[in-house]
Amino acid sequence: MPKFKGEHIYLRALEPEDIDFLYQVENDESLWYLSNTIQPFSRYILTEYLKNAHQDIFEAKQLRLVICANDDTRLGLIDLYDFDPINKRVGLGIVIHSDQDKRKGFGKEAIQLMSNYVFNTLQLHQIYVGITEENQASLHLFKSLNFEHTGTKKDWIKTNSGYCNELHFQLINTNN
């Protein structure tokens, strides 16, 4: 799978043996605000999800891949969501789960691999992301990858400490 292989990481499809990792990530309450989750996921629900993970992006309108280090350690997940083939755009979400794996370039490399897939294989026109205003690490990451801030959704996300703004960023494929 050359499209999804980088220098330090690779992206791969979800497998049944990912259930424990998926269970950890999806039930990490500190991440729930990112996906509008308000309750934990059972292993049963996640197992059912994995059974349908084989659907292609045109059918499911989303794609979730596991971010793995070259030694096969699971680092996180990267998602394409709200796939819109008519308007040629897709949303992107990413999480590097362990604090010890953050700020090491894994997320940047994963986004570059996924952007290459989006623009060259799917031939889409744009990728968009929503980032909370206080998430300085993600803001820095996406700006470093030439995502442009194109709007602000005021008081968009409710957190334990109140409401926060979500910043909208886009990366436009100028070749398509």
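Everything discussed here concerns the structure shown above.
Residues numbered from 1 in each chain as written. Predicted model: local features only at pLDDT ≥ 70, side-chain atom pairs only at ≥ 80, totals over all residues. Heavy atoms only, no water.

**Considerations on helix H4 (residues 106–121)**
Across its 16 residues, H4 extends 22 Å between first and last C-alpha, which sits within 8% of the 22 Å expected from 1.5 Å per residue. Within the span of H4, buried status applies to Phe106, Gly107, Glu109, Ala110, Ile111, Leu113, Met114, Ser115, Tyr117, Val118 and Phe119. Downstream of H4 by a residue or two, Gln123 has a phi angle that is positive, lying close to 55 degrees. (Helix = DSSP H or I, 4+ residues; strand = E, 2+ residues; numbered from the N terminus. Expected span 1.5 Å × (residues − 1). Buried < 20%, exposed > 50% of the residue type's maximum accessible area, 1.4 Å probe, protein only.)

**Quick notes on the environment of Lys51**
Within the secondary structure, Lys51 sits in helix H2 (residues 43–51). Under the relative-accessibility criterion, Lys51 is labelled exposed at 51%. C-alpha of Lys51 to C-alpha of Leu14: the two residues are 37 residues apart in sequence and 9.7 Å apart in space.

**Digging into the pairing of strand E2 (residues 63–69)**
The side chains of a regular strand alternate, first on one face of the sheet and then on the other. Taking burial as the measure, the seven residues of E2 include seven buried ones, the bulk of the element. The pairing of E2 with strand E3 (residues 74–84) spans six bridges and is antiparallel. Looking at the pairing, Leu63 lines up with Leu80 of E3. The turn linking E2 back onto E3 is made up of four residues, and Asp72 within it adopts a positive phi angle of 75 degrees. (Pairing = 2+ DSSP bridges.)

**A closer look at the pattern of salt bridges**
Scanning the entire structure with this criterion turns up six salt bridges. Note that Asp79 is salt-bridged to Arg64, the shortest N-O span being 2.7 Å. One end of the pair, Asp79, is in strand E3; the other, Arg64, is in strand E2, and 15 residues separate them in sequence. Here the salt bridges do not stand alone but share partners, grouping Arg12, Asp18 and Arg74 into one network. (Salt bridge = Lys/Arg side-chain N within 4 Å of Asp/Glu carboxyl O.)

**Comments concerning the side chain of Gln126**
Its place among the elements puts Gln126 in strand E5 (residues 126–132). Classification of Gln126 as buried rests on a relative accessible area of 12%. A polar contact is formed between the side chain of Gln126 and the side chain of Gln170, at a distance of 2.4 Å. Contacts of Gln126, omitting those with residues within four sequence positions, involve Lys88, Arg89, Val90, Phe119, Gln170, Leu171 and Ile172. (Polar contact = N/O pair within 3.5 Å; in protein donor to acceptor, adjacent residues only side chain to side chain. Contact = heavy atoms within 4.5 Å.)

**Here we look at the packing of H4 against helix H5 (residues 136–144)**
The relative placement of two packed helices comes down to the angle between their axes together with the axis-to-axis distance. Where H4 meets H5, the closest approach of the two axes is 10 Å, and the angle between their N-to-C directions is 45 degrees. It follows that H4 is oblique to H5 by the angle criterion. Classified by chirality, the crossing of H5 by H4 is right-handed. For the pair H4 and H5, contact is made by Gly107, Lys108 and Ile111 and by Leu141, Phe142 and Ser144, respectively. Here the residues of the contact of H4 with H5 are counted per class, giving three nonpolar, two polar and one charged. (Axes fitted to C-alpha atoms, helices over the stretch in contact; angles between N-to-C directions. Parallel < 35°, antiparallel > 145°, perpendicular 65-115°, else oblique. Left-handed = near helix turned anticlockwise from the far one by under 90°. Nonpolar A, V, L, I, M, F, W, Y, C, P; charged D, E, K, R; others polar.)

**Some remarks on the packing of aromatic side chains**
One pass over the full model with this rule turns up four aromatic pairs. Taking the centre distance of 5.0 Å and the plane angle of 85 degrees together, the rings of Phe142 and Phe147 count as edge-to-face. On the basis of relative accessibility, which here comes to 4%, the residue Phe147 falls in the buried class. We note Lys158 situated over the ring of Tyr163; from NZ or CZ to the ring centre the distance is 5.8 Å. (Phe/Tyr/Trp six-rings, centres within 6.5 Å; stacked < 30°, edge-to-face > 60°. Lys NZ or Arg CZ within 6 Å of the ring centre and 35° of its normal.)

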